[in-house]
Amino acid sequence: MNKPQARTTPLFAITTPLYYVNDVPHIGSAYTTMVADAIARFHRLQGHDVLMITGTDEHGQKIQRSAEAKGVPPQEHCDAIAATFDALWDQLNIQYDRFSRTTAAKHHPIVKDFFQRVWDNGDIYLSKQQGWYCVSCEEFKDERELLEGHYCPIHSNKQVEWRDEDNYFFRLSQYQDQLKALYQERPDFIQPESRRNEVLNFVEKGLQDFSISRVNLDWGFPIPNDPKHTIYVWFDALLGYITALLDPDDDPTLDNALKKWWPINIHLIGKDILRFHAIYWPAMLMSAGLTPPEIVFGHGFLTKDGRKMGKTTGNTIDPVALVSRYGSDAVRYYFLKEIEFGQDGDFNETRFINVLNADLANDLGNLLNRTLGMTKKYCQAQIPAVSASDIPEDNPLKALGVELRDRVTQAYHQLNFSHACTDIFTLIQTCNKYIDEQAPWSLYKEKQQKQVEIVLYSVLESVRLSAYLLSPVIPNLSNKIYQQLGFDLDFNNSSQINHPDLFQHHAQWGILAAGQPVKKPKPIFAKLDPPTATAST
Ligand code: MSP
């Protein structure tokens, strides 16, 4: 007998930025992490071997100063804040595989190895650095980018500081042509298109070497052979992505870290840290002889009620308060569905409540509830004895349902979550219309049992498929729907769902098995009251 062919499982590695631990997480960090989690979950659903990386960036002046301000040793400060990120990820139902901390013991040898490769390649030299430094960005700024009074354009309440010191530099200028070739050969490397253009314009103007060490700073790794210099926090932090690739039992060497998951498929970042990821990072990697990652996606910024968020203006959104009040699925759904990924997006609590009530409580929740009610009444609480092939091709639900898997898969792969959700909700809305038009309660009275069964089967199957395809976004609600439909599948348990055959089966329209007992209908999402006090802090 022939041996079955070995299955080669596609690998998929995705990162969020490694967040600064100067303060507890803000909504921007929560946003990227929710998105990364949804993408990772979709790939797991398809049966891919997935590594989702998040973590914290813990060195540098900004962190050292935050610890000093609190009067605690920096490591103690980092431990405390890193724990608040972890707690939020738990609350938001984030299934990360690695939490990469730049103060982890295994990170130092990786940074040393990498630094040595770049050094050996002749890309590091000592020189003079003069310029304006924003500690909050951990970045030198051009004088012309600054706001009046030497304020940082990004942190408009923080003044930049003048620096005049010896630093080690990385020869970024040497990589201008190679970077241009990279952008040309791999047009998808920087996404979306607008960010790509931004980078192309920047590089076109000419690249300057950048400094990768600081003096008068203890909180970081020393430069090998010149320990009065500390490695620049960004050089150290970007390498945290590589350290994250080590298996827990691996010796911390670059070779071990790179053996399975390199190159990373997607770095998700916000638009303010695009240059580091789309210019500095690939150049550093080229210098060390490594292939750049596949995609750097720079998303937009969130505003609140149409205004830039800031602590000084008092209009921030506290992600912990938001999730405590509304639950993880609600928050995940709003940010993924309502914001076009890549564009700036707004949070407004009234809109938030309206969207959730309309989509989750009414369109989806009520639909399931009333259909299960009728299934109990007209079909002995069992999936009606209908097979998908009995249903005509022009049935509006079947017509949309059979195409949904491909449409939604494409949307998820293009990181277009808003489209994925809209496509799924088109089916859900069509279900509501179809039920009202078909009026199974009248068909039942007219003793048209077969027709009643076709209507209920098509709706239940469409709700099932929708729940399956929405599970990367709203896993808890998808679980409730699946359970009420009589399945025993937990979307939060990756060992249960991470299989390509399961995807092949469940992502189709028409797999509900006749006779499967359904559960008593229970509302899956309670309608929210209009906002009274604000959830923001
Ligand atoms: N530590 C660096 C990243 C190093 S990656 C090797 C860093 N950390 S951060 O905590 O300041 O920022 C984390 C992310 O939050 C960035 O992607 C940034 O774009 C994002 N956001 C900060 N404010 C934001 C909004 N108002 N809206 C959306 N994202 C925002 O940068």
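What counts and what doesn't
Residues numbered from 1 in each chain as written. Predicted model: local features only at pLDDT ≥ 70, side-chain atom pairs only at ≥ 80, totals over all residues. Heavy atoms only, no water. Near = heavy atom within 4 Å. Polar contact = N/O pair within 3.5 Å; in protein donor to acceptor, adjacent residues only side chain to side chain. Areas by Shrake-Rupley, 256 points an atom, 1.4 Å probe, with all protein chains shown as cover. Helix = DSSP H or I, 4+ residues; strand = E, 2+ residues; numbered from the N terminus. Nonpolar A, V, L, I, M, F, W, Y, C, P; charged D, E, K, R; others polar. Buried < 20%, exposed > 50% of the residue type's maximum accessible area, 1.4 Å probe, protein only. Contact = heavy atoms within 4.5 Å. Pairing = 2+ DSSP bridges. Domains from an automatic or database assignment. Buried area = accessible area lost by both parts, 1.4 Å probe. Axes fitted to C-alpha atoms, helices over the stretch in contact; angles between N-to-C directions. Parallel < 35°, antiparallel > 145°, perpendicular 65-115°, else oblique. Phe/Tyr/Trp six-rings, centres within 6.5 Å; stacked < 30°, edge-to-face > 60°.

### Describing the site of the ligand
Then step 1. Close to the ligand lie 21 residues, the nearest being Leu18, Asp57, Gly270, Asp272 and Leu302.
Then step 2. Separating a nitrogen atom of the ligand from a backbone N or O atom of Leu18 is a distance of 2.8 Å.
Then step 3. Interatomic distance of 2.7 Å between a side-chain N/O atom of Asp57 and a nitrogen atom of the ligand.
Then step 4. For the ligand, whose unbound accessible area comes to 670 Å², protein coverage reaches 91%.
Then step 5. Ranked by residue count, the leading element in the shell around the ligand is strand E1 (residues 11-20), at four residues.
Then step 6. Across the shell around the ligand, the residue classes tally to 13 nonpolar, six polar and two charged.

### Here we look at the side chain of Thr15
Then step 1. Relative to the helices and strands, Thr15 resides in strand E1.
Then step 2. Owing to a relative accessible area of 0%, Thr15 belongs among the buried residues under this scheme.
Then step 3. Apart from the residues within four sequence positions on either side, Thr15 is in contact with Ile53, Tyr241, Ile264, Ile266, His267 and Leu268.

### A word on the sheet that holds strand E9 (residues 213-214)
The strands making up a sheet are joined through hydrogen bonds of the backbone, oriented either antiparallel or parallel.
Then step 1. In space, the three strands of this open sheet follow the order E9-E11-E10, with antiparallel pairing throughout. Looking at strand neighbours, the two that pair on one side only are E9 and strand E10 (222-223), the edges of this open sheet.
Then step 2. Where E10 meets strand E11 (residues 226-231), two bridges bridge the pair, whose relative direction is antiparallel. Within the sheet, the bridge partner assigned to Pro222 lies in E11 and is Thr230.

### Comments concerning the domain arrangement of the chain
Then step 1. As assigned here, the chain comprises domain 1 (11-299) and domain 2 (349-506).
Then step 2. Of note, the centres of domain 1 and domain 2, computed from C-alpha atoms alone, are 42 Å apart.
Then step 3. At the interface, 16 residues of domain 1 touch 19 residues of domain 2.
Then step 4. With both sides pooled, the region where domain 1 packs onto domain 2 buries about 1,600 Å², and carbon together with sulfur makes up 66% of that total.

### A word on the environment of Gly206
Then step 1. Along the chain, the position of Gly206 falls in the loop between helix H6 (193-204) and strand E8 (210-211).
Then step 2. Gly206 sits 17 residues away from Phe189 along the chain, and the two C-alpha atoms are 20 Å apart.

### Observations regarding the packing of helix H12 (residues 328-338) against helix H18 (residues 475-484)
Then step 1. Taken N-terminus to C-terminus, the directions of H12 and H18 make an angle of 115°; their axes are 7 Å apart at the nearest point. Here H18 runs roughly perpendicular to H12, going by the angle between their axes. Facing Ser328, Asp329 and Arg332 of H12, the residues of H18 in contact are Pro475, Asn476 and Leu477.
Then step 2. Split into classes, the residues belonging to the contact of H12 with H18 amount to two nonpolar, two polar and two charged.

### Looking at unusual backbone geometry
Then step 1. Geometrically, the link from Gln191 to Pro192 is a cis peptide bond, its omega value of -10° lying close to zero.
Then step 2. Unusually for a residue other than glycine, His150 sits at a positive phi of about 60°.
Then step 3. Its location among the elements puts His150 in the loop between strand E5 (139-141) and strand E6 (161-170).

### Focus on the packing of aromatic side chains
Then step 1. A full pass over the atoms with the stated rule returns 39 aromatic pairs.
Then step 2. Judged by centre distance (6.2 Å) and plane angle (90°), the rings of Trp262 and Trp281 are edge-to-face. Residue Trp262 is located in the loop between helix H9 (254-258) and strand E12 (266-270), and its partner Trp281 is located in helix H10 (residues 274-287); the two are separated by 19 residues in the primary sequence.
Then step 3. Note on Trp281: relative accessible area 0%, which makes it buried.

### Here's the deal with the sheet that holds strand E14 (residues 302-304)
Then step 1. Read from one edge to the other, the open sheet built from three strands follows the order E15-E14-E16, with strand pairing classed as mixed. In the strand order of this sheet, the two ends are held by strand E15 (307-308) and strand E16 (345-347), each with one partner.
Then step 2. When E14 meets E15, the two strands line up antiparallel, connected through two bridges. Bridge pairing in E15 places Thr303 opposite Lys308.

### A word on H12
Then step 1. For H12, the buried fraction is high: 10 of the 11 residues fall into the buried class.
Then step 2. Among the residues making up H12, those that are buried are Ser328, Asp329, Ala330, Val331, Arg332, Tyr333, Tyr334, Phe335, Leu336 and Lys337.

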